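Coordinate analysis (summary)
Take a look at the letters that make up each chain.
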Amino acid sequence: MNFSDVLTAIKERQKLTRDGWNWSGQFVVLQDGYPDGIAINGNTARATGLGEGSVCRFRPYLMLRAADESFVPWVPTVSDVLAEDWKVTT
């Protein structure tokens, strides 16, 4: 599967992974964000300088489940974009 197929699959709510990644539990998904806004918590308030509870809108983004099982916003590398070893995972 190439990256063009990956983008289509992600938009269809699929989880995607690569054979070339180090840990078999890693995957990428689409996080919808909060287009209507959500009250921010203390952590986000500290990071942004906005008051806790301020309502902020968040745009959609790609999110990676990392090797340590945490989640992080994700931007593909050139290697990811050009790879052909993508596949849908469960």
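Look above for the structure.
Report follows, based on the coordinates. (Residues numbered from 1 in each chain as written. Predicted model: local features only at pLDDT ≥ 70, side-chain atom pairs only at ≥ 80, totals over all residues. Heavy atoms only, no water.)

**Looking at the pattern of salt bridges**
If you walk through the whole model with that rule in mind, you get 5 salt bridges. In this structure, aspartate 85 engages arginine 18 in a salt bridge whose closest nitrogen and oxygen atoms are separated by 2.6 Å. With aspartate 85 in the loop between α3 (78-82) and β7 (86-89) and arginine 18 in strand β1 (residues 15-18), the pair connects residues that are 67 residues apart, well separated along the chain. For arginine 65, the salt bridge identified is with glutamate 69, shortest N-O distance 3.3 Å. Put simply, Arg18, Asp80 and Asp85 are held in one network by salt bridges that share partners. (Salt bridge = Lys/Arg side-chain N within 4 Å of Asp/Glu carboxyl O. Helix = DSSP H or I, 4+ residues; strand = E, 2+ residues; numbered from the N terminus.)

**A look at the nonpolar core**
Counting residues in each nonpolar core, the largest one holds 12 residues, listed as Phe3, Val6, Ala9, Ile10, Leu16, Trp21, Val28, Leu62, Leu64, Trp74, Ala83 and Trp86. At the level of secondary structure, the elements contributing two or more residues to this core comprise α1 (3-11) and β5 (61-65). The biggest single contributor to this core is α1, with 4 residues. Those residues in contact with leucine 62, other than ones at most four positions away along the chain, are Ile10, Val28, Val29, Leu30, Val72, Pro73 and Trp74. (Core = buried A, V, L, I, M, F, W, Y, C linked by side-chain atoms within 4.5 Å. Buried < 20%, exposed > 50% of the residue type's maximum accessible area, 1.4 Å probe, protein only. Contact = heavy atoms within 4.5 Å.)

**Some remarks on α1**
For α1, the complete set of buried residues consists of Phe3, Val6, Ala9 and Ile10. The buried residues of α1 occupy an angular sector of 110° when the element is viewed end-on, so they sit on one face. What points out from α1, more than 90 degrees from its buried face, is the exposed set Ser4 and Lys11. Elements that come into contact with the buried residues of α1 comprise β1, β2 (27-31), β5, α3 and β7. For α1, the capping residue at the N-terminal end is asparagine 2, with a side-chain oxygen 3.0 Å from the backbone nitrogen of serine 4. (Arc of directions from axis to C-beta. Polar contact = N/O pair within 3.5 Å; in protein donor to acceptor, adjacent residues only side chain to side chain.)

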